[in-house]
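Below, each chain spelled out in residue letters.
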Amino acid sequence: LPSRFRMSSSRPHSFSKVRVEDLDLSDDEAAHPPADPMGGMVGGAMGEMMGGMGAMGGGMAGGMGGAMEMDDFDVEEDTSSHMGENMIGEELDISRGTGECLKKLVKPGVGYDNPINPYEVHINYSARIKGEDGPFDVHYVSRPCIFTLHPEGEGCPVPVGVCKALRTFLKGETSILTLQPSVAFGEAGDPARGVPPNAVVEFEVTLLSYFKVETSPDGHISIKCIEDAKTWEVFEEHSEVFVAYELKLADGTVVMSADGSKASPPFVMGADAQNAAAGFPAFLAPVLQQVHLHSKYVVALAPEAAYGSAGDAALGVPPDAALTLELQVTDVYPVEELAAEGALTKKTLAKGDGWMTPSKGWEVFVHYTLSRPDGTQVRSTRSAEPLVFVCGGEALTGLPRVFEHVIAMKRYESAHFVASAEWSGEAEDGCTLDVELLKWVEVRAVRNTNERVRMKVFEQGVGYEHPNDGAKVEAKVTVRLASDGSTLESSDESLALTIDDDEVVPAIDMALKELSKGAVAELTMPAEWGYTPSLALTRGVPLSAVGQALVVSVELLAFERAKDEWVLDKDERRVIQQRKKEQGNRLFADGRFAQAAPKYEKSLSIVHDHEDKYDAESEWPEVNKLRVVCLLNKAMCYLKLDDPKEALDQAEKALSIDPQSAKGFLRRGQAHSRLGNLAEAKADLLHVVKLDTSNRDAREELLVLKGKFEAHRLKEKALYSHMFDKISLQK
């Protein structure tokens, strides 16, 4: 027996969860023949349960199962495959309009899944010639018809039309199928059953249940899922698998078993020698490659896959014995190699919640225990406060490098790491770290603050809506000095404010626009994002707080969003355009250039691409005037922030609207000058003087530019002089 066999890579997308106790097949000799321990799950000599699977041309060559498409029947996820109470008595053509197979619902089924190839189906049916009274074939509950679905009906004891139509059935469904000869008994009919040539037949079919069945390429192992837990995890190399099973002879005698508890050794995927030493049978390896966590299976093992012609006297397995394996994986510890040559491995003991993992820069809280290879504990946080550190991909100062991999863990995940000295920080290889990720705090920059204002989100809040500009907000806000923690403002109850109305420090507004209802966060902001003198007076804060770094705690209690931008009319847009420009001007006057720039941008964006809303002669020119002012003010902000490239972009946008703007040429000239584009700067500044001879800023900038030209000339002179000196030396 090879160490493993590969099944088809085409796995069904959905399985039916079937409980054995629901089947009521205790008297069903066809389902449980006493002399056949294989339960009829393997074709040919391994039983009749597959309904002639052995006649399928060597079984399912090419691997276990996988969904096979049927081109001529309509079996997609549509009306015919999910017929409800409201469709009782309705007849549908499920043969893509050919009329070969009509389906009339008698009793709806349950659930959402339909059987697919090569599932094993259990059905009752009554068949008759259309127009005649008595049935020519019947299967009842006490002895249902059991077979494996096949796209062309091979090995099926019912006509191909029934086999194909079953893919549209739900569990428990009863429907009447009207089959034309082409999908029934054909031109020849079936004289043995009393079916004449070219007969149209009707099958009243009830789908009792169905099971996923997969068979190995050699036909020696067949795996039937009898209870599907709807888990899809596969067990990778090195994973530790805890499996409960009973291995039985044909008469039901249990010859080997395991309870799947953590007290017993796990089966280690890919470790054949280790598993053999632990007493696991060799055939368990290929079986575990095809099963899923918590699902229940009955596995039929031919003698070739079990103990062969020799048997196993110690176990009481006679020669050439076919066996049945009842199996369930109770748990699995995935094991992965995180560093080459086993320098660091991770075994996941508890998978954690959800799908999210922390991001770089977030604060994480962990408990851990570091132990030496002999089990001696080095240190632990279990009886103390958890370890808190900033998550990231780089080595963490003073901490074992193992913690770099916390970034890939989920909340409440527990993992066991085995580390080399390099990864553990200890003197010897093989030390272990047991790490549990308790929680994390999201840390990010508040938008439009140039990464200067940082926000820790302790509680995410509920829902996906956030306040927008103009929203009415109720929040708890506490402002403290970063230097000594003294409180400057505190709202014990709640603070009512309107977003972006300059009622509080602007960064608070910006942060609130990123939070959901119920969110709790903390902001850290440098001095340039703190109080201005005017805001300090308005808020009743001592002027000594101006120019101080702040820490702000916020809790968003409730909010009512303002009108969304896309529903604003032209007049409302003009009001916002003007207000944002004025807000920007106030911040600019206070020297808050980084905060003023977003205000000007909002003034611009609120009317951008809305030219069609305004009268071209009486309204749009006024809108454009304000646009030019905001673009040039924004350019000046970027010059103050030492970002001449962005300033150049804003100035050019202003000149595209007003090509004769003296201030536009001035700002562009200043940007060129700072970028070292001296010729372009000179041209722009001379043009300013030409447009406005009294422009003192342009003249002062020209004097500065003259100095830059002179410095450039002297630099080039020194460069060429040095070059000529080299030439002289070479001669």
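Quick note: structure is the one above.
What you are looking at is a predicted structure, and each value in this text was computed from that prediction instead of being measured.

Caption draft 1: The overall build of the protein chain, seen in detail. Regarding its fold elements, the protein chain presents 13 helices and 26 strands. Across the 731 residues in the protein chain, those meeting the buried criterion constitute 49%. Restricting the contact set of the protein chain to residue pairs at least 6 apart, pairs at least 24 apart contribute 66%. Taken as a whole, the protein chain presents about 35,100 Å² of accessible surface, with 51% of it coming from carbon and sulfur.

Caption draft 2: Layout of the packing of aromatic side chains. For the coordinates displayed, the defined rule picks out 12 aromatic pairs. Between the aromatic rings of W362 and W440, the centroid separation amounts to 6.4 Å while the plane-to-plane angle is 45°, which identifies the pairing as tilted. Residue W362 is located in the loop between strand 15 (344–350) and strand 16 (363–371), and its partner W440 is located in strand 20 (residues 431–445); the two are separated by 78 residues in the primary sequence. One aromatic cluster is present, formed by Y125, F136, F185 and F203 through successive ring pairs. Just above the ring of F211 sits the side chain of K224; from NZ or CZ to the centre is 4.9 Å. The ring of F242 has K262 lying over it, and the distance from NZ or CZ to the ring centre is 5.3 Å.

Caption draft 3: Structural detail: the layout of surface pockets. Of the voids in this model, the second largest pocket is the one considered here, and its volume is about 440 Å³. Considering the residues around the second largest pocket, the lining is formed by 18 residues, among which R447, N448, M510, K513 and P598 are closest to the centre. Secondary-structure elements contributing two or more residues to the lining of the second largest pocket are helix 8 (593–605) and helix 9 (620–640). If one sorts the elements of the lining of the second largest pocket by residue count, helix 8 sits on top with six residues. Broken down by class, the residue content of the lining of the second largest pocket amounts to six nonpolar, two polar and 10 charged.

Caption draft 4: Structural view of helix 11 (residues 662–675). The end-to-end C-alpha distance of helix 11, which contains 14 residues, comes to 20 Å, matching closely the 20 Å that a straight helix rising 1.5 Å per residue would cover. In terms of burial, helix 11 is largely enclosed, as 10 of its 14 residues are buried. Among all positions of helix 11, only A662, G664, F665, L666, R667, G669, Q670, A671, H672 and S673 are buried. Of the residues one or two after helix 11, G676 is the one with positive phi, at around 85°.

Caption draft 5: Region of the structure containing the side chain of T174. Among the structural elements, T174 can be located in strand 6 (residues 174–179). Its relative accessible area of 8% is what places T174 among the buried residues. For T174, the side chain forms a polar contact with the side chain of T206, separated by 2.7 Å. Excluding anything up to four places from it in sequence, T174 contacts L105, V106, K107, E204, V205 and T206.

Caption draft 6: Representation of the packing of helix 9 against helix 11. Remark: helix 9 packs on helix 11, axes separated minimally by 10 Å, with the N-to-C direction vectors making an angle of 20°. Put simply, helix 9 runs roughly parallel to helix 11. Regarding helix 9 and helix 11, the two cross each other, and that crossing is left-handed. Along the contact surface, helix 9 presents L632, A635, M636 and L639, while helix 11 presents K663, G664, R667, Q670, A671 and R674. Of the residues assigned to the contact of helix 9 with helix 11, the class counts are five nonpolar, two polar and three charged.

Caption draft 7: Summary view of the pattern of salt bridges. For the structure shown, the criterion picks out 44 salt bridges. Between E619 and K570 there is a salt bridge; the shortest N-O distance is 3.0 Å. You can see E619 sitting in the loop between helix 8 and helix 9 and its partner K570 sitting in helix 7 (residues 570–589), a full 49 residues away along the chain. Each member of the salt-bridge network shares a partner with another, and the members are D500, D502, K580, R586 and K599.

Caption draft 8: Examining unusual backbone geometry more closely. That bond from N117 to P118 is cis: its omega, 0°, falls within 30 degrees of zero. With respect to the helices and strands, the residue P118 is situated in the loop between strand 2 (101–107) and strand 3 (120–129). Although it is not a glycine, N198 sits at a positive phi angle of roughly 55°. Mapped onto the secondary structure, N198 falls in the loop between strand 6 and strand 7 (201–215). The exposure class assigned to N198 is partly exposed, which follows from its relative accessible area of 48%.

Caption draft 9: Fine view of the environment of A521. Along the chain, A521 falls in strand 25 (residues 520–525). The contacts of A521, once residues within four sequence positions are left out, are M455, K456, V457, F458, L515, V552, S553 and V554.

Caption draft 10: Focus on the pairing of strand 16. In terms of burial, strand 16 is largely enclosed, as nine of its nine residues are buried. Side chains E363, F365, H367, T369 and S371 project from strand 16 onto one buried face, and the interleaved V364, V366, Y368 and L370 project onto a second face that is buried too. Relative to strand 18 (residues 387–390), strand 16 runs antiparallel, the two being bridged by four bridges. Looking across to strand 18, one finds that V366 is bridged to L387. Bridging between strand 16 and strand 17 (residues 377–380) involves three bridges; their strand directions are antiparallel. Bridged to L370 within strand 17 is R379. Connecting strand 16 to the antiparallel partner strand 17 that follows it, the hairpin turn spans five residues, and G375 within it adopts a positive phi of roughly 95°.

Caption draft 11: Examining the environment of K640 more closely. Structurally, K640 can be placed in helix 9. The spacing of K640 and A594 is 46 residues in sequence and 9.0 Å in space, taken between C-alpha atoms.

Caption draft 12: Structural detail: the pairing of strand 26 (residues 550–560). Pairing analysis gives 10 bridges linking strand 22 (residues 472–481) to strand 26, with the strands arranged antiparallel. For L481, the partnering residue across the bridge sits in strand 26 and is L550. Relative to strand 26, strand 25 is paired through six bridges, and the arrangement is antiparallel. Within the sheet, the bridge partner assigned to T524 lies in strand 26 and is V551.

Caption draft 13: Helix 7, seen in detail. Compared with the 28 Å implied by 1.5 Å per residue over 20 residues, the 29 Å span of helix 7 between its first and last C-alpha is a close match. The set of residues buried in helix 7 consists of R573, I576, Q577, K580, K581, Q583, G584 and L587. End-on, the buried residues of helix 7 take up no more than an arc of 165°, which puts them together on one face. In helix 7, the exposed positions angled more than 90 degrees off the buried face are occupied by V575 and A589. Structurally, helix 7 contributes buried residues whose contacts are with helix 5 (506–512), helix 8 and helix 9. A positive backbone phi angle near 80° is found at G591, which sits one or two residues after helix 7.

Caption draft 14: Local environment of the packing of helix 10 (residues 644–657) against helix 11. Axis separation between helix 10 and helix 11 bottoms out at 8 Å; the angle between their running directions is 155°. With respect to helix 11, the axis of helix 10 lies roughly antiparallel. For helix 10 against helix 11, the interelement crossing comes out left-handed. For the pair helix 10 and helix 11, the contacting residues are P644, K645, A647, L648, A651, E652 and L655 in the first and G664, F665, R667, R668, A671, H672, R674 and L675 in the second. For the contact of helix 10 with helix 11, the residue count by class is eight nonpolar, two polar and five charged.

Scoring rules and cut-offs
- Residues numbered from 1 in each chain as written.
- Predicted model: local features only at pLDDT ≥ 70, side-chain atom pairs only at ≥ 80, totals over all residues.
- Heavy atoms only, no water.
- Helix = DSSP H or I, 4+ residues; strand = E, 2+ residues; numbered from the N terminus.
- Buried < 20%, exposed > 50% of the residue type's maximum accessible area, 1.4 Å probe, protein only.
- Contact = heavy atoms within 4.5 Å.
- Areas by Shrake-Rupley, 256 points an atom, 1.4 Å probe, with all protein chains shown as cover.
- Phe/Tyr/Trp six-rings, centres within 6.5 Å; stacked < 30°, edge-to-face > 60°.
- Lys NZ or Arg CZ within 6 Å of the ring centre and 35° of its normal.
- 1 Å grid on protein atoms, 1.4 Å probe; cavity = no way out; pocket = protein on both sides within 12 Å on 5 of 7 lines; lining within 4 Å.
- Points joined across faces, edges and corners; volume = space filled by probe spheres on them.
- Nonpolar A, V, L, I, M, F, W, Y, C, P; charged D, E, K, R; others polar.
- Expected span 1.5 Å × (residues − 1).
- Polar contact = N/O pair within 3.5 Å; in protein donor to acceptor, adjacent residues only side chain to side chain.
- Axes fitted to C-alpha atoms, helices over the stretch in contact; angles between N-to-C directions.
- Parallel < 35°, antiparallel > 145°, perpendicular 65-115°, else oblique.
- Left-handed = near helix turned anticlockwise from the far one by under 90°.
- Salt bridge = Lys/Arg side-chain N within 4 Å of Asp/Glu carboxyl O.
- Pairing = 2+ DSSP bridges.
- Arc of directions from axis to C-beta.

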